[in-house]
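The primary structure of each chain is shown beneath.
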Amino acid sequence: MPTHISSQMDKPAGRAARLLLGLTGALLALLILNLAVFDDLRIDPSAGVLETFTKPQHLSSLVAVLIAGALVAFRHRSAARVAMVVAWIEISAFTFFHVIPVEVGPSKPYWGDGMGDPLQWVGLLSILAVSTAIVRVARRSSNAAVTPRAASVPS
């Protein structure tokens, strides 16, 4: 009888990959919404769409999440690690720019003198929550991909 060797894309790994793809897509959508609805374009009437989306910090975040999403979609072997690194970068950047209550350089803290409104906080907390979920799922996916699976032999 033929033997069946389990691959990385068995159901658990496939579910994790789909979840990671969904979370990466959600992070991309939240980043776009943050620029267009939650924060920049809504708060600053002088901001233009093109100049807002092409600011280096915004553009690099969007491109990094797009690359991570593409790697996950094409099931690249480094996809989970790249998604986790991008999520950690987003957590670090949003914490630096909005959570730390001290204005340093280009940061805009959401409390203190620059008090953010509820919509800004919703965007910030949503991005942090989805990024944290990506880290958790990617960590599990990376661990599962490293763990060898035994071949199953039907009796």
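Scroll up to find the structure this text is about.
What comes next is a walk through the structure. None of these values were measured; they are calculated from a predicted model.

A tally of regular secondary structure across the chain gives six helices and zero strands. Starting at the N terminus and walking to the C terminus, you meet the elements of the chain as α-α-α-α-α-α. By residue count, 33% of the 155 residues in the chain fall in the buried class. Nonlocal contacts in the chain, meaning residues at least 24 apart in sequence, comprise 67% of its contacts between residues at least 6 apart. Here the chain has roughly 9400 Å² of accessible surface; of this, 68% comes from carbon and sulfur atoms.

This next bit is on the layout of surface pockets. As a volume, the second largest pocket reaches approximately 420 Å³. Leu35, Asp40, Gln57, His58 and His98 are the residues nearest the centre of the second largest pocket, which is lined by 21 residues in total. Breaking the lining of the second largest pocket down by element, the ones donating at least two residues are α1 (11-38), α2 (40-43), α3 (49-53), α4 (56-73) and α5 (79-99). Residue composition of the lining of the second largest pocket, by class: nine nonpolar, six polar and six charged.

Glancing now at the nonpolar core. Counting 28 residues, the largest nonpolar core has Leu20, Leu27, Leu31 and Ile134 as the members making the most contacts within it. Going through the elements one at a time, α1, α4, α5 and α6 (118-146) are the ones with two or more residues in this core. Residues within four places of Leu27 in sequence aside, it is in contact with Val65, Glu90, Ile127, Val130, Ser131 and Ile134.

What follows deals with the pattern of salt bridges. Tallying each qualifying case throughout the model produces two salt bridges. Lys108 is the partner of Asp39 in a salt bridge, and the nearest nitrogen-oxygen pair spans 3.7 Å. In this pair, Asp39 is assigned in the loop between α1 and α2 and Lys108 in the loop between α5 and α6, connecting sequence segments 69 residues apart. Exposure remark for Lys108: the relative accessible area of 36% places this residue in the partly exposed category. The salt bridge partner of Arg42 is Asp117, with a shortest N-O separation of 2.7 Å. Of this pair, Arg42 sits in helix α2 while Asp117 sits in the loop between α5 and α6, and the two are 75 residues apart along the sequence. Take Arg42: its relative accessible area is 34%, and that puts it in the partly exposed class.

Once that is clear, we can look at the packing of aromatic side chains. Following the criterion strictly, the structure yields two aromatic pairs and no others. Ring centres 5.2 Å apart and planes at 80 degrees place the aromatic pair Phe96 and Phe97 in the edge-to-face group. For Phe96, a relative accessible area of 34% gives the class partly exposed. Overall, Phe97 belongs to the buried group, its relative accessible area being 19%.

What counts, and where the lines are drawn
Residues numbered from 1 in each chain as written. Predicted model: local features only at pLDDT ≥ 70, side-chain atom pairs only at ≥ 80, totals over all residues. Heavy atoms only, no water. Helix = DSSP H or I, 4+ residues; strand = E, 2+ residues; numbered from the N terminus. Buried < 20%, exposed > 50% of the residue type's maximum accessible area, 1.4 Å probe, protein only. Contact = heavy atoms within 4.5 Å. Areas by Shrake-Rupley, 256 points an atom, 1.4 Å probe, with all protein chains shown as cover. 1 Å grid on protein atoms, 1.4 Å probe; cavity = no way out; pocket = protein on both sides within 12 Å on 5 of 7 lines; lining within 4 Å. Points joined across faces, edges and corners; volume = space filled by probe spheres on them. Nonpolar A, V, L, I, M, F, W, Y, C, P; charged D, E, K, R; others polar. Core = buried A, V, L, I, M, F, W, Y, C linked by side-chain atoms within 4.5 Å. Salt bridge = Lys/Arg side-chain N within 4 Å of Asp/Glu carboxyl O. Phe/Tyr/Trp six-rings, centres within 6.5 Å; stacked < 30°, edge-to-face > 60°.

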